[in-house]
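# Commentary on secondary and tertiary structure
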Amino acid sequence: MMKPANKSLPVIILFLSIFLFHGLQSCGTDDTDDSSDDDDSGTVDCEQYEVIDGPGTCNTTLDIAPEFLILIEGENRVITANNIPEHMVGTFPNADVSAQDERYTITTSPEETGNLISLQSDTGPVYRFGILLNGVELDPIAAEPWPHSDLGIMDPDVNWNWNLEALNVRIGLDCNYGHVQPTGQYHYHGAATLYDLIANADGSEMVHIGWAADGFPIYYKYAYSTADDSSSEVVAMSSSYELKEGDRPGDGVTAPCSEYNGAYAADFEYIEGQGTLDEANGRTGVTPEFPEGTYYYILTDGDEFPSIPRYFVGTPSDDFTLGGGNGGPN
């Protein structure tokens, strides 16, 4: 079910202004560290983008009451929310957190398609991933493509294959790996540390924390050690992504040529069997809510890429679409 048509035009208009704002914000001199200098030989400067050590702080208590409701209508799960969390948030320079009026329709009968659907295309972010049970969206993909110039996504050399990784660079995330769009909408780029279902998880049980856009459930970090055995030990799941070694293959003009350091999502690669989770950061098995078994996603902590999955195994709801691949808010 699509959102009301009268929202489409303002959202599309906002995309361009949001990109330009964030492009300017994230390419400042404080965010980079030159790994080499130009010289008289005409060699290209392989400028390195700085990786930050953890998220920011949370110092603001919101005075807006959260609103979140789930109703089952036929074969759909209909969620209404104002995207306001109960926990503290950061202070953001671009806007104050404000209540939204959002409605999401997600199937209650999801099916795996046999193909992974990426949240990002070669023309920018395409989807938000889902929504937590506190009514806040999971939107992991930043809109920060190479070459990070003042033109942002309008740069003629824009290269979305090298998009900055929000978890690891300076785009103003608070302690929950969250921040606000210029519209006032608060959202997460990683697992929200102060969200009570995450903060109180002690590893003794599986904790259902939200719904993905394709209808499959989302759990936090912990799952049964034997996927199809609910009597097996509950253990922490691990991502199967790792940081690549060596230097990026670019020429410093059309793509970065500095060392892999985690500044870009493309700095990481999926290695089957490296961890307990698949390429979509999920697995198939039984859960307390689905004793007969289901595919489910796992949110790992914000210091373990990808934290929020970057692929769907099913078909995502149109209500989580971001501009059809023409980019979207950070």
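Before reading on, note that the structure itself is shown above.
Scope of this entry: the structure provided in the associated data block.

## Remarks on the overall build of the protein chain
When helices and strands are tallied, the protein chain shows two helices and 23 strands. When the 330 residues of the protein chain are sorted by exposure, 50% land in the buried category. Contacts in the protein chain between residues far apart in sequence, at least 24 positions, make up 63% of those at least 6 positions apart.

## Things to note about the sheet that holds strand S21 (residues 282-285)
The mixed open sheet is built from eight strands, whose spatial order is S13-S14-S10-S9-S15-S16-S22-S21. Of all strands in the sheet, those bounded by a partner on one side alone are strand S13 (178-180) and S21. Bridging between strand S10 (residues 137-138) and strand S14 (residues 186-188) involves two bridges; their strand directions are parallel. Note that in S14 the partner of Glu 137 across the bridge is His 187.

## Some remarks on the pattern of salt bridges
Within the structure shown, the criterion is met by six salt bridges. Close ionic contact of Asp 301 with Lys 221 constitutes a salt bridge, the shortest N to O distance being 2.9 Å. Of the two residues, Asp 301 is situated in the loop between strand S22 (294-299) and strand S23 (311-312) and Lys 221 in the loop between strand S16 (217-220) and strand S17 (222-224); the sequence distance between them amounts to 80 residues. When its relative accessible area of 25% is taken as the criterion, Asp 301 is described as partly exposed.

## Quick look at the packing of aromatic side chains
Across all of its chains, the model carries 15 aromatic pairs by this definition. Ring plane angle 70 degrees and centroid distance 5.4 Å describe the contact between Tyr 219 and Tyr 296, whose orientation is recorded as edge-to-face. Here Tyr 296 lies in strand S22 and Tyr 219 lies in strand S16, a separation of 77 residues in the sequence. Aromatic pair Tyr 220 and Tyr 222: ring centres 5.9 Å apart, planes at 90 degrees, arrangement edge-to-face. Of the two residues, Tyr 220 and Tyr 222, both sit in the buried class. Aromatic rings pair up to connect Tyr 127, Phe 129, Phe 216, Tyr 295, Tyr 297 and Phe 312 into one cluster. Above the plane of the ring of Trp 211 lies Arg 77, whose end atom (NZ or CZ) is 3.6 Å from the centre.

## Notes on the nonpolar core
Counting 53 residues, the largest nonpolar core has Phe 129, Leu 138, Ile 209, Ile 218, Tyr 297 and Leu 299 as the members making the most contacts within it. Of all elements in the fold, only strand S4 (76-81), strand S5 (102-107), strand S9 (130-132), S14, strand S15 (208-212), S16, S17 and S22 reach the threshold of two or more residues within this core. With five residues, S22 is the single largest residue contributor to this core. What Leu 299 contacts, discounting residues up to four positions off in sequence, is Leu 132, Leu 138, Ala 191, Ile 209, Ile 218, Tyr 219, Tyr 220, Lys 221, Ser 307, Ile 308 and Pro 309. Core analysis: the next-biggest nonpolar cluster, separate from the first, contains 15 residues, Trp 146, Trp 162, Ala 263 and Tyr 264 among them.

## Side note on the state of the cysteines
All told, the structure shown has two disulfides when counted by the stated rule. Disulfide partner of Cys 46: Cys 257, at an S-S distance of 2.0 Å. Since a negative S-S torsion denotes a left-handed disulfide, the Cys 46-Cys 257 link at about -115 degrees is left-handed. With Cys 46 in the loop between strand S1 (32-34) and strand S2 (47-49) and Cys 257 in the loop between strand S19 (241-243) and strand S20 (268-270), this pair connects stretches of sequence that are 211 residues apart. Since its relative accessible area comes to 13%, Cys 257 is described here as buried. One disulfide bridge connects Cys 58 with Cys 175, the sulfur atoms lying 2.1 Å from each other. Its S-S torsion of approximately -105 degrees makes the covalent link between Cys 58 and Cys 175 left-handed. Placement of Cys 58 in the loop between S2 and strand S3 (68-73) and of Cys 175 in the loop between strand S12 (159-163) and S13 is noted, with a sequence separation of 117 residues between them. The class of Cys 58 is buried, set by a relative accessible area of 18%. For the protein chain, numbering the cysteines in disulfides from first to last along the sequence yields the connectivity 1-4, 2-3.

The rules behind each value
Residues numbered from 1 in each chain as written. Predicted model: local features only at pLDDT ≥ 70, side-chain atom pairs only at ≥ 80, totals over all residues. Heavy atoms only, no water. Helix = DSSP H or I, 4+ residues; strand = E, 2+ residues; numbered from the N terminus. Buried < 20%, exposed > 50% of the residue type's maximum accessible area, 1.4 Å probe, protein only. Contact = heavy atoms within 4.5 Å. Pairing = 2+ DSSP bridges. Salt bridge = Lys/Arg side-chain N within 4 Å of Asp/Glu carboxyl O. Phe/Tyr/Trp six-rings, centres within 6.5 Å; stacked < 30°, edge-to-face > 60°. Lys NZ or Arg CZ within 6 Å of the ring centre and 35° of its normal. Core = buried A, V, L, I, M, F, W, Y, C linked by side-chain atoms within 4.5 Å. Disulfide = S-S within 2.5 Å.

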